[in-house]
Amino acid sequence: MADSVGLQSVSPFAFEAMQKVDVVRLAALSDPELRLLLPCLVRMALCAPADQSQAWAQDKKLILRLLSGVEAVNSIVALLSVDFHALEQDARKEQQLRHKAGGSNGESILVSQLQHGLTLEFEHSDPLRRLRLTLSELLAIMNKVVDSNGEFFLKSSELFESPVYLEEVADVLCILQAELPSLLPILDVAEAMLHVRNGDWFLCLLVANVPDSFNEVCRGLIKNGERQDEESVGGRRRTEALRQLCQMNPSQALNVRAMVVEECHLPGLGVALTLDYKPDSADEAVSPLVSYVSGLLLGTNGKVRTWFSMFIRNGQQRKRESSSVLWQMRRQLLLELVAILPRSRSTHLPNDGEEGGGGGGYSGLREEHVVKASALLRLYCALMGIAGLRPTDEEAEQLLQLMTSRPPATPAGVRFVSLSFCKLLAFPTLVSTPEQEQLMVMWLSWMIKEEEYFESAAGVSASFGEMLLLVAMYFHSNQLSSIIELVCSTLGMKIAIKPSSLSKMKTIFTQEIFTEQVVTAHAVRVAVTGSLSANISGFLPIHCIYQLLRSRAFTKHKVSIKDWIYRQLCETATPIHTQLIPLIDAYITSILTPASKANPEATNQPITEQEILNVFQSSAQGEGPRGGGSGRRYSITTQLLILYYILSYEENLLASTKQLALMQRKPRSYSPSLMDQIPIKFLVTQAQGLQQELGGLHSALLRLLATNYPHLCLVEDWVCEEEVTGTLPLLRRMMLPSNTCRYSQSQLHHAFQKLPSSSPRLMRMLDHLTLLSPGDLIPYAEALTASVALLLGGGVPRRLLQTLNRLWMGLNTVMPRRLWVMTVNALQPSALPVRQQRYNQNDLMVDPLIVLRCDTRVYRCPPLMEIVLHMLNGYLLASKAYLHSHLKETADFERQNQTVSNLGGPGGPDTQEVTREELKNALLAAQDSAAVQILLEVCLPTAEEQRLGANAESLLRGIGGSLPGKSKQGILGTDGGVGTGAEPEGGLLSELREVQCLICCLLHQMFIADPNIAKLVHFQGYPQALLPLTVAGIPSIHICLDFIPELLAQPQLEKQIFAIQLLSYLCTQYALPKSLSVARLAISVMGTLLTVLTRPKRFSFFMPVLPCLVSFCQAFPPLYDDVAALLVQVGQVCASDVATKARDIDPLIARLQYLKAKPRDASLPGGGASKLTLPQRMAAELGGNDPDVQLCYCVEATFMDIISSTLHGV
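Everything numeric in this text was worked out from a predicted model, so none of it was measured. By convention here, each chain's residues receive numbers from 1 onward along its written sequence. The predicted nature of this model means local features are confined to residues of pLDDT at least 70 and side-chain atom pairs, given and counted, to a pLDDT of 80 or more, with totals for whole chains, interfaces and linings taken over all residues. Side-chain descriptors were evaluated using all non-hydrogen atoms of the structure, hydrogens and water having been removed beforehand.

## Some remarks on the overall build of the protein
Secondary structure assignment for the protein yields 66 helices and 0 strands. Counting contacts in the protein only where the partners sit at least 6 residues apart, residues at least 24 apart contribute 75% of the total. Note on areas: Shrake-Rupley with a 1.4 Å probe; residue coverage comes only from the protein chains shown. A total accessible area of about 54,200 Å² is found for the protein, and carbon and sulfur atoms account for 53% of it. Secondary structure elements are taken from DSSP: a helix is a run of H or I of four residues or more, a strand is a run of E of two residues or more, and numbering for both begins at the N terminus. Residue contacts are defined here by distance: any two heavy atoms, one from each residue, within 4.5 Å place the two residues in contact.

## Focus on the nonpolar core
We call a set of buried residues a nonpolar core when its members are Ala, Val, Leu, Ile, Met, Phe, Trp, Tyr or Cys and they connect through side-chain atoms within 4.5 Å of each other. Exposure is judged per residue with a 1.4 Å probe applied to protein chains only, and the accessible area is read against the type maximum: over 50% gives exposed, under 20% gives buried, and values in between give partly exposed. Grouped together as the largest cluster of nonpolar side chains are 373 residues, with contacts concentrated most on Leu245 and Tyr645. Excluding residues that lie within four positions of it along the chain, Tyr645 makes contacts with Ile584, Tyr587, Ile588, Ile591, Pro606, Ile607, Ile612 and Tyr670.

## So, the pattern of salt bridges
We define a salt bridge as a side-chain nitrogen of Lys or Arg found within 4 Å of a carboxyl oxygen belonging to Asp or Glu. For the structure shown, the criterion picks out 29 salt bridges. The residue Arg243 makes a salt bridge to Asp276 at a minimum N-O spacing of 2.6 Å. Residue Arg243 is found in helix 15 (residues 233-248), and its partner Asp276 is found in helix 17 (residues 267-276); the two are separated by 33 residues along the sequence. Owing to a relative accessible area of 15%, Arg243 belongs among the buried residues under this scheme.

## Brief notes about helix 55 (residues 1011-1020)
Those residues of helix 55 not exposed but buried are Ile1013, Ala1014, Val1017, His1018 and Phe1019. In the stretch just after helix 55, Gly1021 is the one whose phi turns positive, near 85°.

## Here we look at the packing of helix 11 (residues 166-179) against helix 13 (residues 199-209)
At a minimum axis separation of 10 Å, helix 11 and helix 13 run at an interaxial angle of 45°. Put simply, helix 11 runs oblique to helix 13. Two packed elements cross with a definite hand, and for helix 11 against helix 13 that hand is right-handed. The residues of helix 13 that touch helix 11, namely those facing Leu166, Glu167, Val169, Ala170, Leu173, Cys174 and Gln177, are Trp201, Phe202, Leu205, Leu206 and Asn209. Three categories are distinguished: nonpolar for Ala, Val, Leu, Ile, Met, Phe, Trp, Tyr, Cys and Pro, charged for Asp, Glu, Lys and Arg, and polar for the others, with Gly belonging to the last. Its residues assigned to classes, the contact of helix 11 with helix 13 shows 9 nonpolar, 2 polar and 1 charged. Axis definition: a line fitted to C-alpha atoms, over the contacting stretch in the case of helices. Angles run 0 to 180 degrees between N-to-C directions. Roughly parallel means an angle under 35 degrees; roughly antiparallel means over 145; roughly perpendicular covers 65 to 115; every other angle is labelled oblique. Crossings are classed by handedness, with left-handed meaning an anticlockwise turn of the near helix from the far one by less than a right angle and right-handed meaning a clockwise turn.

## Quick word on the environment of Leu801
Summarising the element assignment, Leu801 is placed in helix 47 (residues 798-812). Of the residues examined, Leu801 reaches a relative accessible area of 7% and is grouped as buried. Taking the C-alpha atoms as reference points, Leu801 and Leu791, separated by 10 residues in sequence, lie 7.2 Å from one another. Aside from chain neighbours lying at most four places away, what touches Leu801 is Leu791, Val796, Cys861, Pro863 and Leu864.

## Looking at the state of the cysteines
In this description, a disulfide is simply a cysteine sulfur pair whose atoms lie within 2.5 Å. The final tally for this structure, using the stated rule, is 0 disulfides. Note on Cys1192: no disulfide assigned, nearest cysteine sulfur contributed by Cys1134 at a separation of 4.7 Å. Using a relative accessible area of 14% as the deciding quantity, one classes Cys1192 as buried.

## Observations regarding the packing of aromatic side chains
Pairing of aromatic rings covers Phe, Tyr and Trp, the last through its six-membered ring, and needs centres within 6.5 Å; plane angles under 30 degrees mean stacked, over 60 mean edge-to-face, and all others mean tilted. In total, this model carries 13 aromatic pairs according to the counting rule given. Geometrically, the ring pair formed by Trp201 and Phe202 is edge-to-face, given 5.3 Å between the ring centres and 75° between the ring planes. Per residue, the accessibility class of Trp201 equals that of Phe202, and both read buried. Taken together, a centroid distance of 5.4 Å and an interplanar angle of 40° make the contact between Phe308 and Phe311 tilted. Separated by 3 residues within a single helix, Phe308 and Phe311 lie in helix 19 (residues 302-317), roughly one turn from each other. No difference in accessibility class separates Phe308 from Phe311, as the two residues are buried. Here the aromatic cluster, defined as three or more aromatic residues joined through ring pairs, consists of Tyr587, Tyr645, Tyr649 and Tyr670.

## Brief notes about the packing of helix 22 (residues 393-403) against helix 23 (residues 411-426)
Viewed as axis vectors pointing N to C, helix 22 and helix 23 meet at an angle of 135°, and their least axial separation amounts to 9 Å. Judged by the inter-axis angle, helix 22 sits oblique to helix 23. Where helix 22 abuts helix 23, its residues Leu399, Leu400, Leu402 and Met403 lie against Phe416, Ser420, Lys423 and Leu424. Tallied by class, residues from the contact of helix 22 with helix 23 come to 6 nonpolar, 1 polar and 1 charged.

## Looking at the side chain of Gln547
Here Gln547 is to be found in helix 29 (residues 541-550). The exposure class of Gln547 is buried, given its relative accessible area of 6%. Ignoring sequence-local partners within four residues, the contact set of Gln547 consists of Leu470, Met473, Tyr474 and Gln479.

## Some words on unusual backbone geometry
In this chain, Thr574 is followed by Pro575 through a cis amide linkage whose omega measures -5°. Residue position: Pro575 is located in the loop between helix 31 (562-570) and helix 32 (580-592). One non-glycine residue, Val21, adopts positive backbone phi at about 50°. Within the fold, Val21 resides in the loop between helix 1 (12-20) and helix 2 (23-27). Even without being glycine, Cys264 reaches a positive phi, approximately 55°.

## Thoughts on the side chain of Glu137
Of note, Glu137 is situated in helix 9 (residues 127-147). If we skip the residues at most four places from it in the chain, Glu137 touches Leu118, Lys155, Ser157, Leu159 and Phe160.

## Notes on helix 59 (residues 1073-1092)
Note on helix geometry: an α-helix contains 3.6 residues per turn, so any two residues three or four positions apart are oriented the same way. Counted at 1.5 Å a residue, the expected span for helix 59 with its 20 residues is 28 Å, and the 29 Å between its end C-alpha atoms agrees. The set of residues buried in helix 59 consists of Ser1075, Val1078, Ala1079, Ala1082, Ile1083, Val1085, Met1086, Gly1087, Leu1089 and Leu1090. Along its buried surface, helix 59 packs onto helix 57 (1040-1048), helix 58 (1053-1069), helix 60 (1095-1105), helix 61 (1108-1115) and helix 62 (1120-1139). For a helix, the expected span equals 1.5 Å multiplied by the residue count minus one.

## A short note on the confidence of the model for the protein
Here pLDDT means the predictor's own confidence in every residue, given as a number from 0 to 100. Summary statistics for the protein give a mean pLDDT of 79 and a share of 81% for residues scoring 70 or more. Low confidence marks residues 900-907, where pLDDT is under 50. Its contacts with residues over four positions away, or in another chain, come to 1 contact. Scored below 50 in pLDDT, residues 952-987 makes 57 contacts in the model with residues more than four places away or belonging to other chains.

## Some points on the environment of Leu444
Here Leu444 lies in helix 24 (residues 434-458). In this structure, the C-alpha to C-alpha distance between Leu444 and Leu468, residues 24 residues apart in sequence, is 8.7 Å. Each residue touching Leu444, except ones within four places of it in the same chain, is listed here: Phe421, Leu468, Phe509 and Ile513.

Below, the structure is given as structure tokens:
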């Protein structure tokens, strides 16, 4: 649209004056400038204003005075004097006529019988006819635009092309649009102007006379524009028109550019506006063009990136044109690049004197240009890598000069060198000649030499030296994809790099600059990063060491890396760096797994135990990380990382035993004494509060603990931890005065020794200790545990015991293993003739039952018994983990040795492994069952408690009334029964009952964790007197219903009797369909045994089990018929045996006579004393000690109990 060149245009000054209606500025305009704005000014002066203020009245007078001297005003006034309503009606009729005629320009209502050309007609016409001529021509163009379906055309119009009448036509056009806005929307008129010559000039005048429509017109033109404006004539004309509009109103140029990006149309316009943009304050750092294009290509909007990339690609396909916006952009970028190049730069090779960087050919990049140079490099990377720009020879030459320049030692200089290096890797085609290749090699050598100086002078932890080292390692291990990822990460963009394009760089790196031996030797000498954390970005030494560990370069070249890794782990801070955990994992792998089978000794050395102890010195002293150690204090991050290293090392060592055995290697594991000195639980508790800053370290530690130290992951410990570290304890500690009295360990120990007289003083001390955090309690742990046995004496208040229990549970959250050992040793029986043995952690893991070999008074001290049960549960779990690791550690090596010594043997190693596993499982089962049996024995009342009236069944006394079958078993004198004396004083609130509850809770957990323990214990059996306790107190005991049929099938009568007695209580407690089916089976088994048992065995079997039938009937009334049939059958068998004897008295007749004499005794609803004593008396009087007679009366008593229970239920 160069047709309007030479025409008077609206200046930004004039447009701003019109936009703000600044009369003073309007008066300052020249006559040619004012001439263009007359349509709007005349209408402003003649039309009635909406603003009736005095200020506008004065401004209006000034406008009238301004217009009074302009001759063209009269013609515009004449134009405004016509009847626009009639004109609009005629225009609409003409539009309808054209629609009917199919758009032909035959007959016209607005213009008829043109005698001459359009231009002459316009000259000789009156104002009305001028309006009609212009309107007719404009409507024709607008209709053709609508009918063209987006296809561009350029209409030849004499009216809009005659330079003589352009101003008059512009006046008519502006008046028509202002007076007929519904007929001529400004957006439609603007679109029509793009299709005529001088259209951009008319469009600017139209918008200048309606300044408020600027944004609307620009947005409309952009929205209707092409996605790629350089591709078509119409796109270029639209771009030029919008560009001139923005030159008229430069303050809105950036807003129009934003519209371009928003709509993804006319990319050339966005670039052109950026080239035209002249900021008020020049930014020396980055130019507007670099910022704009970088934002498009490196932004997060993929749609915009694709759209602009297409603009670059399409622009390159056309021949180079100076008028092309793309080539204007490239020229401007090249000028900016050349402007910041160091002076006298060229690709000639310097002499030796210039190598240091002081020669003219290698003058450094100026500091104020470094940021701009970095921005330009990233932009060219984006243009070439994302948009597919193919640089010209000139561009490539200047780019290489910039990339190989030497910046000052500043953080920005370090960033520039890193970007230059990555650009060389991403686009190696920039280096095409041998001279350029030599220049690049010398520049890389300069980077290696100056890296340490740059890092120290710039004050940054991440320098380009680590990146060089990392790339060299990647080249040596042929990890080209990792190099591509590194380049993309440094440049901050995803670009397509072919691995094959890196072959030249690979040769240079691996053969000329960095051999693998040089890489490893250099890596060890690199200083560790101080206070390494995730806040330090960039490529660090840790990245290099990690890659070398993965490629096994250190072991291959026999370079020790242990000291470097240890120093780096000691120099860490929060938030934890993401590369630390992978580094430790790779280091552990390099310790355990040789680099090659040919050289099994090629491994790294593990961190020594002394080095590990140095890290945990303050924590191991019993004061936590705040402890006062004389040496260096290590951060919590260092301690957690070393802990992760140890646990992960031990786990990987166990997992690799088979491979290590094949290679005849057995790396040493860390000693148990070392593990005992590490406060594992304390550190994990600390890590729990730092989960956000530790990344995945906390979860990794929990996984390792759950596998190797399950006793430190007890659920009740986590629950107790919430109680200790919750809100309420925190508030209590906040209320603790800072100047409060602090007690020493010796004072606490002295108060324990004076018990029970010192109980009040000791209580005050313990109450004070409850306000301290678990970490602050650690110094008092030894004093508390050493004197715990003194609390077993008489006269010690219960509150004292409960407070000690709370303190112990608090300490258990931070130092469980050491606390358990001290407590077990303190609770040993003191009545032994020899001094008690001092156990250690290993002793207790090998034999957890040591915990139960404590002072027997503990069994009747619930607060201390709770502690003992907690330790027992923990050590049982620890024993399982210990035996598993021990078996895993030794089995593979012994099997390998046996295989070597017995080559060709028939499957010996596999058989031995199975045997070892079975023995281990048998040992664990025996261990668990022994613990359960001991605890069940503890639940039995002692002889003294029996004298006082305690009963093992006291647990049920307040739950369900009388116990099933209890009265019969007590009366008939079965073994194992306990007395039925009166309830002891205090009712159910006794220490025995509380201990029973604690034991039942533990057994419940053990049965849930491993149902096989429950099966084993019940197959072993235990006193029948404990059945009411276990059935009511252990909720999970219902699982016994699964294996009772198997127990009934055992050949031993004792196990069958125990199974039926257990089933009787289970049926009462759990009246389920499964219980009913098992009860039917038990009745059937009893009927079968009746037919096969001998007379003595029949008596010993049925006497204890017949009362259980009462419980079956109470729980399941449908079993009445089966039970009655069984009882009748038992009675018949016994009666027949009695009848074979010559006896004078018939038991049945005697019984009937007794019932006839005292019928009320037999029909008591509850059974009463008469019902219970009758069979016993009858047996004594009539049967003596005859087993069959006793069994007969037992059958009768069972009948009576069933009947009475039925009457009682009714």
